[in-house]
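# Analysis of the macromolecular model
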Amino acid sequence: MFKDWFGKRKRYATLPGVQPVRREDAADAAAREERREIPEGLLIKCDRCGTITYVKELDKNLKVCRGCDYHFALSAPERIRITLDEGSFVEYDADLVSEDPLGFPGYPDKLAKSQAQSGLREAVVTGEGTIDGFAVVIGVMDSRFIMGSMGSVVGEKITRAIERATEKRLPLLLFSASGGARMQEGVLSLMQMAKTSAALARFHREGLLFISVLTNPTTGGVSASFASLGDINIAEPGALIGFAGRRIIEQTIRQKLPDDFQTAEFLLKHGQLDLVVHRKEMRATLAKLLDLHQVRRVGS
Amino acid sequence: MSGELPFEQPLVELRRKIAELRAFSEEKALDLSQEIARLEEKLRELEQEIYGNLTPWQKVQIARHPGRPTTLDFIERLLDDFVELHGDRVFGDDPAIVGGIGKFRGIPVTVVGHQKGKDTKENIARNFGMPHPEGYRKALRLMQQADKFGRPILCFINTPGAYPGMAAEERGQSEAIARNLREMAALRVPIICVVTGEGGSGGALALGVGNRLYMLENSFYSVISPEGAAALLWKDASQAQRAAETMKITAQDLLEMGVIDGIIPEPMGGAHRDVDWTAQRLGEVIAKALDELMRLSPEELIEDRYEKYRRLGVFTSLVGMADR
Ligand SMILES: [Zn+2]
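This report concerns the structure included in the present document. (Residues numbered from 1 in each chain as written. Chains lettered and ligands numbered in written order. Predicted model: local features only at pLDDT ≥ 70, side-chain atom pairs only at ≥ 80, totals over all residues. Heavy atoms only, no water.)

So, on to the overall build of chain A. Secondary structure summary: chain A contains 10 helices and 11 strands in total. Burial status across chain A gives 57% buried among its 300 residues. Counting only contacts in chain A whose residues sit at least 6 apart along the sequence, the fraction spanning at least 24 positions is 71%. On chain A, roughly 13000 Å² of surface is accessible, and the fraction owed to carbon and sulfur atoms is 50%. (Helix = DSSP H or I, 4+ residues; strand = E, 2+ residues; numbered from the N terminus. Buried < 20%, exposed > 50% of the residue type's maximum accessible area, 1.4 Å probe, protein only. Contact = heavy atoms within 4.5 Å. Areas by Shrake-Rupley, 256 points an atom, 1.4 Å probe, with all protein chains shown as cover.)

If you want it as structure tokens, here you go:
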């Protein structure tokens, strides 16, 4: 059911499947690709502008639409691949799986379906690696897994990642993509907000750097806990970020909200973000910020 | 008594019947005392039956009762010399959260809590106890002030949730809640939190990171409102009753899950039936917890609070399972 890179392995095992391709190789491969005939069914239409592209083309462009710059969702493995140095990622806690503490209708099925579709065990992948040689602890949420919602496992994996970053005195990098707390685990999901934030309190006290990257979408209990607590909060362009859902707000205030409401740009304008960074610039921006915080370089 | 809830109708009918009988017996100078005594006995049995077996949805209705004691009701009964303090020093003073300093059994404490109104007019002024970011920031300001002066903190939680509005989003509702969670975890003084009515998701939790967390008997605490859950699950908000049962949101549920430290009893029918009695029970629990927590050092208090939330969550590790 799981992809082979998630096979039987203990903590700290590497994930061979997530190794990044060197940029030159990617370009070469793409050039080869273009000469070849591309089979049918490999086209994708942009939700926003309607531009039709080859999936391979889109991947080559980091899943950003060439027509309108729309940032398509990345899976956690894809995000790790384009963010970290090749072969540097070592995963934490891949062994943790959810239970069904409330006996919630349909939850076990939902988990099984999400696992089968995503090849992940849960909605976040955590571990450590390097960015341009700078060692970091990283967590990446995956919105394909029950909307990236935070239940006990997501909360636990993020908390453990924060605790390891604190012990190892490493910078922490969390990429959020989540609809919020996971309803199916009830109040236990709510408590993960307190748990992760309390772990960040300790991390904060140690004078360590936390960069939070909010991607589309980051809402509810995730935006109202760790995702908003970065020393630096960055978002991808166009990302939906907010506490309450648009529909609920419209019902409550009985008026239509502006189109750009709760977008990354809207938040930047209202002082809620440090930066909005294009996906193509993300890795370089993170490396620069890590450098500015004088983080130790691996091998120096 | 006014403000009876739908499930209390059988009691209302019976009480009316007894009153009618009594009036009739006086009017006609008839001795119906045996019949009246029989009905009164039946009333007691029925009360026991209804109030002794409240469903989650009935508890939700009690927790939302317009007469439910508010934070200011408890402050009035539990604190001496209370001085209310206002404002977040940044944007404004949110009436949906009240806070200040007073003496609890001789000990200066800081209190913050959600504040609902008693009638429509007051509820509009208080935004039905649904805070904006400045409310959470006021609460944090007062809690950090308490930290500075070494005062214990009492938090009273009773909100449908953080306000889902445009201005709230613009001013950073998420950030305000998140910051409270992180900063409360780091405070060096005892923090005692009590869910007194509605514990509505993140907007409740933002005052809820404490060394002790208690719930009043008929309060509830939930990641999403029963109506919201019903809308998501069955595309039908009227299924809220069913959602209330599914979500495990009562004080008893949370005690069993190890989320709360204890349940504070309410009088039969709910806290609004006898606010003084409820406040007394609340005061006893706070006094005991304070006595225990004031023996701990600042570092021990932070550690104690960390451990309390650190252990929450239910999951399985696959490591070692293959060996079995
Ligand atoms: Zn496009």
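Having put the structure on the table, let's press on.
To continue, consider the overall build of chain B. Regarding its fold elements, chain B presents 14 helices and nine strands. For chain B, the C-alpha radius of gyration of 22 Å lies close to 20 Å, the compact-globule estimate for 324 residues. Taken along the three principal axes of its C-alpha coordinates, chain B extends 70 × 60 × 45 Å. Taking all 324 residues of chain B together, the buried fraction comes to 54%. Sequence separation of 24 or more characterises 72% of the internal contacts of chain B that already satisfy a separation of 6 or more. Between the mean site of the 41 positive side-chain charges and the mean site of the 49 negative ones, chain B shows a separation of 3 Å. (Rg over C-alpha atoms; globule rule 2.2 N^0.38 Å. Lys, Arg positive; Asp, Glu negative; His and termini not counted. Charge placed at Lys NZ, Arg CZ, Asp CG, Glu CD.)

Residue and element names in this part refer to chain B. Within the structure shown, the criterion is met by 44 salt bridges over all chains. Arg64 is the salt-bridge partner of Glu227, the closest N and O atoms lying 2.8 Å from each other. On the criterion of sequence distance, the pair formed by Glu227 in helix α10 (residues 226-234) and Arg64 in the loop between α3 (56-63) and α4 (71-78) is long-range, its members being 163 residues apart. You can call Glu227 partly exposed: its relative accessible area is 24%. You can call Arg64 partly exposed: its relative accessible area is 28%. Put simply, Glu284 and Arg281 hold a salt bridge, and the shortest N to O gap is 2.9 Å. (Salt bridge = Lys/Arg side-chain N within 4 Å of Asp/Glu carboxyl O.)

Quick look at the side chain of A:Lys195 now. Structurally, the position occupied by A:Lys195 is in helix α6 (residues 186-205). A relative accessible area of 1% places A:Lys195 in the buried class. Side-chain polar atoms of A:Lys195 contact the side chain of A:Gln192, separated by 2.9 Å. Residues contacting A:Lys195, with those up to four places away along its chain left out, are A:Ser152, A:Gly155, A:Glu156, A:Thr159, B:Tyr309, B:Arg310 and B:Leu312. (Polar contact = N/O pair within 3.5 Å; in protein donor to acceptor, adjacent residues only side chain to side chain.)

Each donor-metal-donor angle would ideally measure 109.5 degrees in four-coordinate tetrahedral geometry, or 90 or 180 degrees in six-coordinate octahedral geometry. Residue and element names in this part refer to chain A. Summarising the metal site, the zinc ion is bound by the protein donors Cys46 (SG), Cys49 (SG), Cys65 (SG) and Cys68 (SG), whose distances to it range over 2.3 to 2.4 Å. Bound by four donor atoms, the zinc ion shows angles of 101 to 117 degrees at the metal and therefore tetrahedral coordination geometry. All donors to the zinc ion come from one chain, and their sequence spacing reads C-x2-C-x15-C-x2-C. Remark: Cys68 occurs in the loop between α2 (55-60) and α3 (76-83) and Cys46 occurs in the loop between β1 (43-45) and β2 (52-54); sequence separation between them is 22 residues. Take Cys68: its relative accessible area is 22%, and that puts it in the partly exposed class. (Donors = N, O, S within 2.8 Å, 3.2 Å for Na, K, Ca; no water. Tetrahedral: all angles 85-135°; square planar, octahedral: opposite > 155°, others 65-115°.)

With that settled, the discussion passes to unusual backbone geometry. Negative phi is the rule for most residues except glycine; trans is the rule for most peptide bonds. Residues and elements named next belong to chain A. In this model, Asn216 is joined to Pro217 through a cis peptide bond whose omega is -10 degrees. Among the secondary structure elements, Pro217 is positioned in strand β8 (residues 210-219). Positive phi outside glycine occurs at Arg254, with the angle close to 55 degrees. Examined against the element boundaries, Arg254 turns out to sit in the loop between α8 (246-253) and α9 (264-269).

It is worth spelling out the packing of aromatic side chains at this point. As enumerated under the stated definition, the model contains three aromatic pairs over all chains in all. Taking 5.1 Å as the distance between ring centres and 75 degrees as the angle between the ring planes, the aromatic pair formed by A:Tyr70 and A:Phe72 counts as edge-to-face. Here A:Tyr70 matches A:Phe72 in class, with each residue buried. Ring plane angle 70 degrees and centroid distance 5.0 Å describe the contact between A:Phe261 and A:Phe266, whose orientation is recorded as edge-to-face. Under the relative-accessibility criterion, A:Phe266 is labelled buried at 5%. The ring of B:Phe91 is capped by B:Arg171, whose NZ or CZ atom sits 3.7 Å from the centre of that ring. (Phe/Tyr/Trp six-rings, centres within 6.5 Å; stacked < 30°, edge-to-face > 60°. Lys NZ or Arg CZ within 6 Å of the ring centre and 35° of its normal.)

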